[in-house]
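Residue-level structure breakdown
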Amino acid sequence: MNSFSPEAIAEAVATRRHLHANPELKYEERGTADLVASRLRSLGYTVETGVAETGVVGLLDTGRPGPTIALRADMDALPILEDTGLPYASKAPGKMHACGHDGHTASLLLAATGLAGMRLSGRIKLLFQPAEEGGLGAARMIEAGVLDGVAAIYGYHNRPAYPLGRVFAKSGPTMGGSSLYEVTISGKGGHASRPDLAIDPIFVGTAVVQGLQSVVSRRLSPLESGVVTVTQFHGGNSHNIIPMAATLAINTRDGSPAAYERIDQELRWVIAQICEAHGATAVIEQSMRIPSVVNDAAETDFVLATALDTVGPERSGRMDSLPTMGAEDFAFYLEQVPGCFFFVGNGEDSAYLHHPRYDYRDEILPVAAGMFTAIAERRLGGR
């Protein structure tokens, strides 16, 4: 593992805390992008800005033949009011780095410092991505060509509730996929006193909400993972009128591509059948889809072997169960090239992700950065 100097680690901590105090939401990461680009240029990287609107790509070309690998960090914050009371708490009310992207960015910058001084072969692309939080930033980065020529890609996420600094990974499905649906149920409006003359979309909608609970419990294999949650239900605007239509918002989670296909199929079938039974109709629109993160088996073995040598057997290991149903748009990269998305423990006492009292632990900055440099050293020929 690259041994970072105390000065480099102190700079990474200062950078992380600066980013935490100055959070920027998806596609607003201009200050963060400027900081990243300036730091990379000072280290000798070729820098491209404005990628996928606010993304940054740093290229280190060793001038020696070899493969191209990519290392990725996300930069965006969340629309959350921070409640940590920290001296470096957010200066922007209602905006907060509640998922640790400040640490992800700072750790990849620390890795960039180490990589710049290593004798390697091939090329390294450092991807500083915008809009991971619901903005499909990874998909837009791919459209911009960031994976052109890339043989493999690596990234990580900090994990609260796991031992501080522990590195672990899982082969195959590793994080849940996520889909958003908007459903419009159309019936026949009428007076509240004569429901027999109407087709009540609110009544039908309640039947749909109940029926959707069978998708996972009775239609998905118990050996697969899935969640179906109705998050919004809107209908009507008067106390004595049965409306013409009602709308539902549905969020689904799936533990694998196969689980997604099943959930999507059954969700549509249940809604259509319930509506037909009551004389109503439904229009179902999928407004967003993030696939499940599926790690390449060989690349996962490679990352775990790297972790074993980098942090030792007591601080690394393989996971066999799905650690989270949370979605991560790193999945889009893994659909295009092999790679591994690994995890670094943020401490068992850490507040959970997206919580107003969450904070990325500075102690894991050199751990994550060390994993990045060790991966590059092993893939690109070492010193």
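Structure: see above.
Okay, so let's go over this structure.

What counts, and where the lines are drawn
- Residues numbered from 1 in each chain as written.
- Predicted model: local features only at pLDDT ≥ 70, side-chain atom pairs only at ≥ 80, totals over all residues.
- Heavy atoms only, no water.
- 1 Å grid on protein atoms, 1.4 Å probe; cavity = no way out; pocket = protein on both sides within 12 Å on 5 of 7 lines; lining within 4 Å.
- Points joined across faces, edges and corners; volume = space filled by probe spheres on them.
- Helix = DSSP H or I, 4+ residues; strand = E, 2+ residues; numbered from the N terminus.
- Nonpolar A, V, L, I, M, F, W, Y, C, P; charged D, E, K, R; others polar.
- Phe/Tyr/Trp six-rings, centres within 6.5 Å; stacked < 30°, edge-to-face > 60°.
- Buried < 20%, exposed > 50% of the residue type's maximum accessible area, 1.4 Å probe, protein only.
- Lys NZ or Arg CZ within 6 Å of the ring centre and 35° of its normal.
- Salt bridge = Lys/Arg side-chain N within 4 Å of Asp/Glu carboxyl O.
- Core = buried A, V, L, I, M, F, W, Y, C linked by side-chain atoms within 4.5 Å.
- Contact = heavy atoms within 4.5 Å.
- Pairing = 2+ DSSP bridges.
- Axes fitted to C-alpha atoms, helices over the stretch in contact; angles between N-to-C directions.

It is worth spelling out empty space enclosed by the protein at this point. A full pass over the atoms with the stated rule returns one cavity of 30 Å³ or more. Each pocket or cavity is described by its volume, and for the largest cavity that value is around 40 Å³. What lines the largest cavity is simply A8, E11, A12, R39, A106, L109, L110 and T113. For the lining of the largest cavity, the secondary structure elements donating two or more residues are α1 (6-21) and α3 (101-116). For the lining of the largest cavity, the leading source of residues is α3, giving four residues. Class assignment for the residues of the lining of the largest cavity results in five nonpolar, one polar and two charged.

The description of an aromatic ring pair rests on the distance of the ring centres and on the angle between the ring planes. Applying the stated criterion to the full structure yields nine aromatic pairs. Aromatic side chains Y156 and F372 sit 5.8 Å apart centroid to centroid with 70° between the ring planes, which places their arrangement in the edge-to-face category. Placement of Y156 in strand β5 (residues 150-159) and of F372 in helix α9 (residues 365-379) is noted, with a sequence separation of 216 residues between them. Across this residue pair, the class does not change: Y156 and F372 are buried. Members of the aromatic cluster, each reached through a chain of ring pairs, are Y162, F168, F330, Y333, F341 and F343. Taking the ring centre of F302 as reference, the NZ or CZ of R379 above it sits at 5.9 Å.

Next up on the list: the layout of surface pockets. Taken as a whole, the largest pocket holds about 510 Å³ of empty space. Elements represented by at least two residues in the lining of the largest pocket include exactly β5, β8 (177-186), β12 (245-254) and β13 (281-290). Its residues assigned to classes, the lining of the largest pocket shows 12 nonpolar, seven polar and six charged.

This model, assessed by the stated rule, comprises 20 salt bridges. One salt bridge in this structure joins R379 and E299, with 3.0 Å as the shortest N-O distance. Residue R379 is found in helix α9, and its partner E299 is found in helix α7 (residues 297-311); the two are separated by 80 residues along the sequence. E363 is paired through a salt bridge with R361; the nearest N and O atoms lie 3.3 Å apart. On the basis of relative accessibility, which here comes to 45%, the residue E363 falls in the partly exposed class.

L40, L115, I124, L126, F128, Y154 and F342 are the most contacted members of the largest nonpolar core, which totals 61 residues. Leave out the neighbours within four places in its chain, and F128 touches V36, L40, G55, V56, A73, M75, T105, L108, L109 and M141. Core analysis: the next-biggest nonpolar cluster, separate from the first, contains 26 residues, A139, I153, F330 and L334 among them.

Within the open sheet, the four strands sit side by side as β10-β12-β8-β13. Their pairing is antiparallel. A single partner strand is all that each edge strand has here, and the edge strands are β10 (226-235) and β13. Between one strand and the next, the sheet's axes are offset by a mean angle of 20°, whatever the strand orientation. Alignment of β8 against β13, held across nine bridges, turns out to be antiparallel. Of the residues in β13, the one forming a bridge with S178 is I290. In the packing of helix α5 (residues 201-219) onto the sheet, contacts are made with β8, β10 and β12, and the angle to β10 comes to roughly 175°. Running over the sheet, helix α6 (residues 257-277) touches β8, β10, β12 and β13 and is turned about 160° from β13.

Turning to the pairing of strand β2 (residues 55-61), a few remarks are in order. Of all seven residues in β2, six are buried; the element is thus mostly enclosed. Direction of pairing for strand β1 (residues 46-51) relative to β2: antiparallel, over a ladder of five bridges. Of the residues in β2, the one forming a bridge with T46 is L59. In textbook terms, the turn of a hairpin is the stretch between consecutive antiparallel strands, and for β1 and β2 this stretch comprises three residues, one of which, A52, has a positive phi near 50°. Bridging between β2 and strand β4 (residues 123-129) involves six bridges; their strand directions are antiparallel. Its bridge partner lying in β4, L59 is registered against K125.

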